[in-house]
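# A closer look at the structure
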Amino acid sequence: MTISDVAAAAESRAPAVARSAQAQQVADIAARLERLPLTSYQRWIFGIIATAWFFDSMDLAALTFVLGSIRQTFGLSTAEAGLLSSMSFLGMFAGAASAGLLADRFGRARVFQVSMIFWGLGSLCCGLSTTATALGASRLLLGFGMGMEFPVAQSMVSEIMPARNRGRYIAFLEGFWPLGFIASGLLTYFVLQVADWRWVFILQAIPAVFVLVVRRFVPESPRWLASHGYSERAEATVRKIESRVRDRLGGKDLPPVVRQAAAPASEVTGLRTLFSGIYAKRTTMLWTLWFFALLGFYGLTTWLGALLQAKGFPITKSVFYTILISLAGIPGFLVSAWLVESWGRKATLVMNLLCGAIACHFYGSAADQTQLIIAGLCMQFFLFGMWSALYAYTPELYPTHVRATGTGFASAVGRIGSLIGPYVIGVILPAAGQGGVFALGAGAFVVAALAVLLLGEENPRPDAGKHFALMGALRAVRFGLGRSTGLVIAIGRVRYLL
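What comes next is a walk through the structure. Numbers given for residues are sequential positions, taken from 1 along each chain in its written order. Restriction of local features to residues with pLDDT of at least 70 applies here, the model being predicted, together with a cutoff of 80 or more for giving and counting side-chain atom pairs; totals for whole chains, interfaces and linings are based on all residues. As a rule here, side-chain values come from all non-hydrogen atoms in the structure, and water together with hydrogens is ignored.

Our focus in this paragraph is a positive patch on the surface. Patches draw on residues past 30% relative accessible area with no salt bridge. Two like charges within 9 Å are joined, as are two nonpolar side chains (Val, Leu, Ile, Met, Phe, Trp, Tyr) within 5 Å. Computed with a 1.4 Å probe, the accessible areas rest on the Shrake-Rupley method; for each residue, only the protein chains presented here act as cover. Any carboxyl oxygen of Asp or Glu within 4 Å of a side-chain nitrogen of Lys or Arg constitutes a salt bridge here. In this tally, Lys and Arg are treated as positive and Asp and Glu as negative; His is ignored, and so are the chain termini. Charged groups are reduced to one reference atom each: NZ for lysine, CZ for arginine, CG for aspartic acid, CD for glutamic acid. A surface patch of like charges, here positive, comprises Arg 216, Lys 240, Arg 244 and Arg 248. A run of DSSP states H or I qualifies as a helix once it reaches four residues; a run of E qualifies as a strand once it reaches two. Both are numbered from the N-terminal end. It is helix H10 (residues 231-248) that provides the largest number of residues to the positive patch, a total of 3 residues.

Here, nonpolar core means buried Ala, Val, Leu, Ile, Met, Phe, Trp, Tyr and Cys residues that are tied together by side-chain atoms lying within 4.5 Å of each other. Each residue's exposure class comes from its accessible area (1.4 Å probe, protein chains only) as a fraction of the maximum for that residue type: buried when under 20%, exposed when over 50%, partly exposed otherwise. Counting 135 residues, the largest nonpolar core has Trp 177, Leu 289 and Trp 387 as the members making the most contacts within it. In terms of residue count, helix H2 (residues 40-74) provides more of this core than any other element does, 19 residues in total. Contacts of Trp 177, omitting those with residues within four sequence positions, involve Trp 53, Ser 57, Leu 60, Ala 61, Phe 297, Tyr 298, Phe 384 and Trp 387. By definition, residues are in contact when any of their heavy atoms lie within 4.5 Å.

All right, on to the pattern of salt bridges then. Throughout the structure, instances matching the rule amount to 12 salt bridges. Linking Asp 196 and Arg 198 is a salt bridge whose minimum nitrogen-to-oxygen distance equals 3.1 Å. Put simply, Arg 32, Arg 35, Glu 235, Arg 239 and Glu 242 are held in one network by salt bridges that share partners.

Attention now moves to the packing of helix H6 (residues 163-191) against helix H14 (residues 329-342). Between N-to-C directions, angles cover 0 to 180 degrees, with each direction set by a line fitted to C-alpha atoms, over the stretch in contact for helices. The N-to-C vectors of H6 and H14 enclose an angle of 170°; their axes lie 8 Å apart at closest approach. The pairing of H6 with H14 is recorded here as roughly antiparallel in orientation. Contacts from Arg 164, Asn 165, Arg 166, Gly 167, Arg 168, Ala 171, Phe 172, Gly 175, Pro 178, Leu 179 and Ile 182 in H6 reach Gly 329, Ile 330, Phe 333, Leu 334, Ala 337, Trp 338, Val 340 and Glu 341 in H14. In this classification, the charged set is Asp, Glu, Lys and Arg, the nonpolar set is Ala, Val, Leu, Ile, Met, Phe, Trp, Tyr, Cys and Pro, and all remaining amino acids, among them Gly, are polar. Classifying every residue of the contact of H6 with H14 gives 11 nonpolar, 4 polar and 4 charged. Working rule for angles: under 35 degrees goes down as roughly parallel, over 145 as roughly antiparallel, 65 to 115 as roughly perpendicular, anything else as oblique.

As a further point, take the layout of surface pockets. One water molecule sets the probe size; rolling that probe over the atoms shows where empty space is left. A 1.4 Å probe that fits into a set of points on a 1 Å grid over the protein atoms alone but cannot get out defines a cavity; an open set with protein on both sides within 12 Å along at least five of seven lines defines a pocket, and lining residues are those with an atom within 4 Å of a point. Grid points are joined across faces, edges and corners, and a volume is the space filled by probe spheres set on the points. In this structure, the second largest pocket encloses a volume near 220 Å³. For the second largest pocket, the full set of lining residues is Tyr 41, Trp 44, Arg 215, Arg 216, Phe 217, Val 218, Pro 219, Glu 220, Thr 237, Lys 240, Arg 244 and Arg 248. Of all the secondary structure elements, the ones that give two or more residues to the lining of the second largest pocket are H2, helix H8 (211-217) and H10. At 4 residues, the largest contribution of residues to the lining of the second largest pocket is made by H10.

This is the structure in structure tokens:
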């Protein structure tokens, strides 16, 4: 072998050696982050991200409460109102699809900040719209920013929180969605008594200045920095995090690092990773899950206030009842935040989807106000719980280098469902009535549950004591639903299937 042959062979091995060294640094960074005790510093970072999520959720929820007023202002038919509602989700589809790729290319923190600017401007433009066309375009811009934020926030929390706390905190993150939903309803309730719906959007644009807090205090993910070759920045960032954690511990020594071998560097990168090897089945399952879960959820939620008005409730009272039943989302996400760790992501997700489907059926067939409120409370309890499990489940199925891309595209596919849902309901409502509308939503949740049940990854089984404690708690839901003996039977069967 000549010297030139040796040089050529060494040159051909250089990229593989570089990838291996980079993969080892990613593993080392991950090990250093994972061994850190959970302190007020990580909770502070989480709190900032969750607050931005809360403000974003308020903007997304606003249309639920003002759609009836907007229909009256512009004289929209149900189909036109459904199309207007869908504009937000068209923007969210574009935002979610691009955000994952951008976050994996340019960094989590930077894209997260840009998303906040987009939804702030979009909300302001909604408030200044004088035609239905301008409002639709503004909702498109608003949705683009919201679609960018959601998957990136998941990835940021996944990569900052230690694995032993990750699922619970991602579930807590999603819990800020029902809080934002309720806050948006309260704001709408009081604003509509003194002004029109435009002021709801104008006021909800103000929190976009919170981007300055995010820029000041939220660090870039050191895992992302290491995986993209920014070795010095990754090392500096993780040292800063370690220092802050040590300070919160009163100067105590940190636990030793348990160094782990790096996973083999993959030759397949980017979008191709989502459909290679073990990830192909996961991607298929997640895309099916997100599409049908969001079709059902946003199709129903967007129309809740308007459907109550169609039943004869005045605008302010329909807003009040929508807020009331949404309060069940708070215990819903709290219960799911506990279950995703103690019971497992898959089991919790399937339970919430099936129970949510059953509650939708009873809500759509409610004969009086009492049944409507009880079924609505149960529906929101399980559907907001579904979100906690969904966001805890999704990012953990992909490795760091494509986590934001995988999560972003799953979210984007879901936005197609959320785009279709409100419009389809607006079209079928005159013919099928409210019973048909909620049957459609229930069917979508069942399909989503079957996708997870048949294609989803298995989770470790909890001990029997936790199982029976959960079943005892769910018996209370049985009495709340009155006729839903089948609900408890279904939960028990799902539990043993999983």
